[in-house]
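Take a look at the letters that make up each chain.
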Amino acid sequence: WDRMSTITVDTEQYDDSQQSRLHFWQVAIAMANDRPLIGVGHRGYERAYNQYDWTEGKFMTNRAVHSAWFGVLAELGYPGLLLFIAIVFGSLRSCRRLRKAAERGEIAGPLGPYAIAFETSLVAFMVGGSFVSFHYNEMLWHYFALTIALERVAVREMAAQREHKEARPPATEAAASPEPEFAWG
C-alpha cells in the first residue's frame, strides 16, 4: 500500500522517480560500454551499480535497472541484447505467422487462438519489460519455448492437411463408379 500511495505524489517526488529510472538506464549503458562483449555478468547489475553510479548514492545503493532491455544490455553486453531481441521478435514472428495461417484456414482448432494469446503476452512483456526488470522471469522463457512448440505443432498440422487434400480426388472430377461400364449395342 505504501507503493500504491506514491501514484498520487507531488510533482517533485515524481520527477525524482523519473530521474532515477533514467539514471539507472544510463548506468546500464555505461556498464555495457565498459564491457561491450560480455557485460557485467548474469544478475550483475545490482552488484556493479555502486561502481558505475556517478551520483554517489543520490538514488541509494545496489539499485535495480528497472528495464528488461537495459538489464540484458548491462549484464550480457551488446551481443546478448541482440540475441535477446532476436528471441523476442522471432517468437512474435512465429505467433503472427500462425495467426495469419489460422485466418486463412490453413490450421484448425485452438492453434490460432493460442498464437493470439502468446502474441498478446509477448507484446505485454515488451511494454512492461521496458519499465520492470523481469528479463529472468522464468515464465517469459516458457513463453519463448511454447511459441516454438506451437509453431512445430502447427507445421505438422498444415502438412497433415495438405496430405489429406492431395489424397482426395478433386471435387470437379466425377467419381469412378464401382460398377463396370456397360456398353450399348
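First things first, this report covers the structure right here in the doc. (Residues numbered from 1 in each chain as written. Predicted model: local features only at pLDDT ≥ 70, side-chain atom pairs only at ≥ 80, totals over all residues. Heavy atoms only, no water.)

Re the overall build of the protein chain
For clarity, the threshold we go by: Helix and strand labels come from DSSP, where a helix needs a run of H or I of at least four residues and a strand needs a run of E of at least two; each type is numbered from the N terminus. Whether a residue is buried, partly exposed or exposed follows from its accessible area with a 1.4 Å probe, protein chains only, as a fraction of its type maximum: under 20%, in between, or over 50%, in that order. Note on contacts: a residue pair qualifies if any of its non-hydrogen atoms lie within 4.5 Å across the two residues. The method behind every accessible area is Shrake-Rupley, applied with a 1.4 Å probe, and residues are considered shielded solely by the protein chains displayed.
Looking only at helices and strands, one finds five helices and zero strands in the protein chain. Moving toward the C terminus, one meets the helices and strands of the protein chain in the order α-α-α-α-α. Considering the protein chain as a whole, with its 185 residues, one finds that 31% of them fall into the buried category. When contacts within the protein chain are restricted to residue pairs at least 6 apart in sequence, long-range pairs at least 24 apart make up 70% of them. Of the accessible surface of the protein chain, which amounts to about 12700 Å², a share of 59% is contributed by carbon and sulfur atoms.

Comments concerning helix H2 (residues 45–52)
Residues that lie three or four places apart on an α-helix share one face, since the helix turns once every 3.6 residues. Threshold: Arc definition: it is the arc formed by the directions from the helix axis to the C-beta atoms.
Listing the buried residues of H2 in full gives Tyr-45, Ala-48, Tyr-49 and Tyr-52. With its buried residues spanning 130 degrees around the axis, H2 presents them on a single face. Exposed residues lying more than 90 degrees from the buried face of H2 are Arg-47 and Gln-51.

Regarding the nonpolar core
The condition is simple: Each nonpolar core is a collection of buried residues, namely Ala, Val, Leu, Ile, Met, Phe, Trp, Tyr and Cys, held together in the definition by side-chain atoms within 4.5 Å.
Core analysis: the largest hydrophobic core is formed by 24 residues, its most contacted members being Phe-84, Val-88, Ile-107 and Phe-125. Contributing elements (two or more residues each) for this core: helix H3 (68–103), helix H4 (111–128) and helix H5 (138–167). Among the elements that make up this core, the one with the highest residue count is H3 (11 residues). Excluding anything up to four places from it in sequence, Phe-125 contacts Ala-68, Trp-69, Phe-84, Val-88, Ser-130, Phe-134 and Leu-140. In terms of nonpolar packing, the next biggest core, distinct from the first, is built from 13 residues, Val-40, Ala-48, Tyr-52 and Ala-74 among them.

Quick notes on the environment of Leu-111
By the element assignment, Leu-111 lies in helix H4. Along the sequence, Leu-111 and Ala-101 sit 10 residues apart, while their C-alpha atoms lie 9.6 Å from each other. Not counting residues up to four positions away in its chain, the partners in contact with Leu-111 are Leu-150, Val-153, Ala-154 and Glu-157.

Some thoughts on H3
The condition is simple: Here, expected helix span is obtained from the residue count minus one, scaled by 1.5 Å. Take the seven residues that end at a residue and the seven that start at it, fit an axis to each, and the angle between those axes is the bend at that residue. The term polar contact refers here to a pair of N or O atoms within 3.5 Å; inside protein, the definition further demands a hydrogen-donor-capable atom paired with an acceptor-capable atom, and it admits residues adjacent in sequence only when both atoms are side-chain atoms.
For H3, which comprises 36 residues, the first-to-last C-alpha distance of 32 Å sits more than 12% below the rise-based estimate of 52 Å (1.5 Å per residue). Where H3 bends most, at Leu-76, the angle is about 130 degrees, and the proline Pro-79 comes one to four residues later. Its side-chain oxygen at 3.3 Å from the backbone nitrogen of Trp-69, Ser-67 defines the N-terminal cap of H3. One or two residues past the end of H3 sits Gly-105, with phi positive at roughly 80 degrees.

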